[in-house]
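Summary of structural features
Here's the letter readout for the chains.
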Amino acid sequence: MGLIEKKVRFSPIGYTRYLRGLKKPHSMFREGKILESLASKSWEIAPGNTTVSPKAYFLNGQLERITGTAYTDDPYTAMHGGFTVEHAPTRAYRLKDAWMMNGFIYKGLHNFRLHPSFQLSKKMNYFPPAIIEAEINDAAIYSTSEGNQYFGLWLTDDCANYALAATEGVPVTSNIIPYSHMLEYESFLEMNPIRTNAAYLKNAIFFDDNWGNNQNKHTRFAANRNKLLSLFPAASHPAASHPGVFILRRNSGISRVMLNEIEIAEQLQEKYGFKIVDVTKNSVSEILSACSGAKILIGIEGSHLFHGLMTLESGASVLVLQPPNRFSAVIKNTTDMENINYSFVVGSQKEENFYIDLEEVERTLSLLRF
């Protein structure tokens, strides 16, 4: 088991994308049916289950401001809750003779994307590498294309998947590192994968839960939270809890600039004692130190809020500041799984940007019995 050896091999398999007519590659981790057809063995790791989505906390008239959505088909239904959610089982698939090159996994004429195209070498897309640097037996691929594109999904999905990989094989990921905070989190969460971007995988194990948040995923997510809280333990001491934390996004990631972001953060700090952290300036240690013990997490919708979600415990709350042209309910999937109250305020558009009304923030906080 593990890294067999550093071994140079030649394989033109990357050119099979041309044989398929450059068809769109599969998205790794959410392709259970395709993996089933290619697998030499498949098995269920954990059963699925059902939950009922809780209603979000929000003021009247907020949903009517929405002019566009992101990864959310029906914000009205998502925010009102009350519907049953079917969470798929977590399954594993063993594929023989797979290849990992330039952010792709290849098996026969099938290829699976591990990274979004903007993270990959354009030259290698047209002239794929053919030299393999290592052979790995029983590789367990825990990283996903969605996790490699969105930091929040890396924290919720990929870091939770690592526990599966460590149990079922040898954790393997690509050596393309897109996030500034990634290596610090890996250290805290005791993640020590083999990194490569040119390997022959004699046996490779993949996982799929079809975006489900079943009980097993909650258990793995909670285990990661407990590891972080053991390092930043304020939340375990009631006397050390504090009103909340505002995580500044500024213009990081996909642009959604809130014109009065800093003003709102400073008002909450002055009036209620909120802490402020900045993902563009602070380290993971500094961010988690501030988030640990927070009763409420506030910030613009986006992956940066998942820093706080990694430390919030059951019964805490999240208040998401939503741009009206890009309303997203993705964070609610995690708050529902972790029994965290979800609330939001939808801003007002001003040209390409938006702003938030402080009075509406305060009224929404009152709904959370703050």
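What you are looking at is a predicted structure, and each value in this text was computed from that prediction instead of being measured. (Residues numbered from 1 in each chain as written. Predicted model: local features only at pLDDT ≥ 70, side-chain atom pairs only at ≥ 80, totals over all residues. Heavy atoms only, no water.)

A closer look at the nonpolar core
Judged by nonpolar contacts, the single largest core of 55 residues is most densely connected at M79, W154, Y185 and F344. No other element matches helix α6 (residues 151-168), which puts 7 residues into this core. Other than its neighbours up to four places away in sequence, Y185 contacts F151, W154, L155, L228, V284, L288 and H307. One finds L268, L321, L365 and L368 within the second-largest nonpolar core, a separate group that totals 19 residues. (Core = buried A, V, L, I, M, F, W, Y, C linked by side-chain atoms within 4.5 Å. Buried < 20%, exposed > 50% of the residue type's maximum accessible area, 1.4 Å probe, protein only. Helix = DSSP H or I, 4+ residues; strand = E, 2+ residues; numbered from the N terminus. Contact = heavy atoms within 4.5 Å.)

Looking at the sheet that holds strand β16 (residues 294-300)
Strand order in the open sheet made by the 5 strands is β15-β14-β16-β17-β18, with parallel pairing throughout. Edge positions in the sheet fall to β15 (275-278) and β18 (341-346), since each has one partner strand and no second. Strand-to-strand twist of the sheet, defined as the mean angle between neighbouring strand axes without regard to direction, takes the value 20°. Against the sheet, helix α13 (residues 358-367) engages β16, β17 (317-322) and β18, with an angle of about 160° to β18. (Pairing = 2+ DSSP bridges. Axes fitted to C-alpha atoms, helices over the stretch in contact; angles between N-to-C directions.)

Thoughts on the pairing of β17
Where burial is concerned, most of β17 is hidden: 6 out of the 6 residues are buried. Every second residue of β17 is oriented toward a common face, with S317, L319 and L321 on one face and V318, V320 and Q322 on the other, all of them buried. Pairing analysis gives 5 bridges linking β16 to β17, with the strands arranged parallel. Residue L297 lies in a different strand from β17, and its bridge partner there is V318. Across 6 bridges, β17 lies against β18 in parallel orientation. Residue pairing in the sheet places L321 in a bridge with V345 of β18. For the crossover from β17 across helix α12 (residues 330-337) to β18, the handedness is right-handed. (Right-handed = clockwise from strand over helix to strand, strands pointing away.)

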